[in-house]
Each structure stands twice: as structure tokens, then as C-alpha cells.
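# Report on the structure
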Amino acid sequence: MARDYNLEYQDNTRKYAYNFDYILRDYMMQSFLPFLVKGKALELGCYKGEFTKTIAKHFSDVTVVEASDELISCCKPMLGDVNFIHSTFEAVELAPVYDSIFLMHTLEHLDDPRLVLSRINCWLSEAGRLFLVVPNANAPSRQIAVKMGLIPYNSAVIESERLHGHRKTYSLDTLEHEALSGGLRVIHRGGIFFKPLAGSQFDDALAANVISKEYLEGCYKLGMIYPDLCSSVFVVCERGN
């Protein structure tokens, strides 16, 4: 059955993106900075363009591939210098190679992730790098939800996630395996932001001034020590043979 990408990003019983998710994206780029390769950047999936704006601060040549025409229409007015392509990753034809490619909280939405990763392997320049990030099945907030009976097991895809287009829930080891199976070479792996609360709980706590910027910084630093207990897990990849 054909997918409706304009429908999948709409909120259901679960919001597609919490305010916490935008905070998390700042920490993602902070984690990537030592590994960025300057030149041409490619973002695969942009949602409403918040991370695209961050990419554009570091790259003057940015291309975005997005399957939702509604999201492209939302992003274009605020990102006039970015080249948008309306296509799925499986079908898009990209002629140039890219020096930094970003696939952020999107791999879990793909029907054939290994096919897409193998295509990305061909889109990377000789020194290029892929920054691949997914939500973590083993985040403490998710494990707590399992113990509460809200989720059957850590890596389950629940109905509200399925309606958002989720196909799989990764942990650090399964993410790395997927990247290797796509032909890529993993040069770095880690976690981003120790996550004791759900996204909605973080939003409520921030709105009530229960937690501070210092607390967020502490969670980010703790995540460097405990990557398996982070909100997101990531790998940095280079071209494989």
C-alpha cells in the first residue's frame, strides 16, 4: 500500500515532535562537530526544517530530499538558499557526491533501510561522512514505559509510532549492524543525551522551570559515559569498499 507522507508527520495520540526534540537536535550537532567534513551537505528528510537551519550555519551548499511536499512548502520560505528535492530516498536520482550526509531520526521510518544506506554509500565523497541517528530502544524513559505496561518490549513499534511511519526501533548494536550491512564503514559510535524522562515530561518540566539548562547539560555529558542509555544513538560512517 502506498504511503501518505503528508499524513505520517501529523500528530496523533503521540506528538510527532516535542520541544525536547528541538533541544536534542542542538546536542546532535554538538556531538557531530569534530567529524564534519566541509563542502556539500545532504539532508535526507527535513520535517519542519529546524535541523536544516543548523546545517545551513555550517555549509553553504545544502540539498534536502523530502518525501512530503507539504513539509517542503513549509521549509522553503525560511530556507531560500537550500535546494529541495521532492522524492523518496529509494527513487531520488542524485548526480553529485556529498561531503556530509545527515539521516536524522529517519532510518526507523524506511521500508528498506539497507537499500537506502547502500545508496548513501555511493553518494558520499571519498572523504565524506554519514551522520546516522535514531531514537534508542533502550533509553531509560522507554524502559520505564515497558515496566509500566505502556510498551510491550524495548524495541517494539507501538501503534502511535506506526502511524508516524515507524518501521523499526533500533539500539546501538542493531544500528551499527544496519550501517555495516549497507556497506558503510563505521568510524565512531555513541549516544546523545541521557534520557530519564519521556519527551512530553521534559516539555512539562521545562515549562514549569523544574529543570534548568545546567540539568540538560548534565544529561548530555552523562550520555557520553552511558551511550546505551541515551535518548538517541548514532554512528558516523565513511564509504565502504
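Here, every reference points to the structure presented above.
Residues numbered from 1 in each chain as written. Predicted model: local features only at pLDDT ≥ 70, side-chain atom pairs only at ≥ 80, totals over all residues. Heavy atoms only, no water.

### A few points about the overall build of the protein chain
In terms of regular secondary structure, the protein chain is built from 10 helices and 7 strands. Relative to the globule expectation of 18 Å for 241 residues, the C-alpha radius of gyration of the protein chain, 17 Å, shows essentially globular dimensions. Along the first, second and third principal axes, the C-alpha set of the protein chain runs to 50 × 35 × 35 Å. Here the protein chain holds 241 residues, and the buried ones make up 53% of them. Considering only intrachain contacts with a sequence separation of at least 6, the fraction spanning at least 24 residues in the protein chain is 72%. Roughly 11,300 Å² of accessible area belongs to the protein chain as shown, and the carbon and sulfur atoms make up 52% of that amount. Taken together, the 24 basic and 30 acidic charged side chains of the protein chain have centroids lying 3 Å from each other. (Helix = DSSP H or I, 4+ residues; strand = E, 2+ residues; numbered from the N terminus. Rg over C-alpha atoms; globule rule 2.2 N^0.38 Å. Buried < 20%, exposed > 50% of the residue type's maximum accessible area, 1.4 Å probe, protein only. Contact = heavy atoms within 4.5 Å. Areas by Shrake-Rupley, 256 points an atom, 1.4 Å probe, with all protein chains shown as cover. Lys, Arg positive; Asp, Glu negative; His and termini not counted. Charge placed at Lys NZ, Arg CZ, Asp CG, Glu CD.)

### Some words on the packing of aromatic side chains
Here the structure, examined in full by the defined rule, presents 13 aromatic pairs. Their ring planes at 70 degrees and their centres at 6.4 Å tell us that Y9 and Y47 sit as a pair that is edge-to-face. Of this pair, Y9 sits in the loop between α1 (5-8) and α2 (19-32) while Y47 sits in the loop between β1 (40-44) and α3 (50-58), placing them 38 residues apart in sequence. Residue classification places Y9 among the buried residues on the basis of a relative accessible area of 13%. (Phe/Tyr/Trp six-rings, centres within 6.5 Å; stacked < 30°, edge-to-face > 60°.)

### Some points on the nonpolar core
In terms of nonpolar packing, the biggest core is built from 35 residues, with F32, F102, I192 and F193 touching the most fellow members. Sort the elements by how many residues they give to this core and α2 lands first, with 6 residues. Discounting residues that sit within four places of it in the chain, F102 has contacts with M29, F32, L36, A41, L42, E43, L44, F51, I55, F59 and F131. F89, W123, L132 and L184 belong to the second largest nonpolar core, which has 28 residues in total. (Core = buried A, V, L, I, M, F, W, Y, C linked by side-chain atoms within 4.5 Å.)

### Points about the packing of α2 against helix α9 (residues 199-207)
Between α2 and α9, the least distance of the axes is 7 Å, while the angle of their chain directions is 95 degrees. The angle between α2 and α9 falls in the class roughly perpendicular. Here α2 contributes N19, F20 and I23 to the contact with α9, which in turn contributes G199, F202, D203 and L206. (Axes fitted to C-alpha atoms, helices over the stretch in contact; angles between N-to-C directions. Parallel < 35°, antiparallel > 145°, perpendicular 65-115°, else oblique.)

### Comments concerning the sheet that holds strand β5 (residues 124-135)
Ordered by their spatial adjacency, 7 strands build an open sheet running β3-β2-β1-β4-β5-β7-β6, and the pairing between neighbours is mixed. Both edges of this open sheet fall to β3 (83-86) and β6 (185-194), since each of them pairs with a single strand only. The sheet shows a mean angle of 15 degrees between the axes of neighbouring strands, taken without regard to direction. Across 4 bridges, the pairing between strand β2 (residues 61-66) and β3 is parallel. Each bridged residue has a counterpart across the sheet, and for T63 the counterpart in β3 is N83. (Pairing = 2+ DSSP bridges.)

### So, the layout of surface pockets
If you roll a probe as big as a water molecule over the atoms, it shows you where there is empty space left. Taken as a whole, the second largest pocket encloses approximately 290 Å³ of empty space. The wall of the second largest pocket is formed by 13 residues, among which D4, L7, E8, R162 and L163 lie closest to the centre. Secondary-structure elements contributing two or more residues to the lining of the second largest pocket are α1 and α7 (159-163). Taken together, the residues of the lining of the second largest pocket sort by class into 4 nonpolar, 3 polar and 6 charged. (1 Å grid on protein atoms, 1.4 Å probe; cavity = no way out; pocket = protein on both sides within 12 Å on 5 of 7 lines; lining within 4 Å. Points joined across faces, edges and corners; volume = space filled by probe spheres on them. Nonpolar A, V, L, I, M, F, W, Y, C, P; charged D, E, K, R; others polar.)

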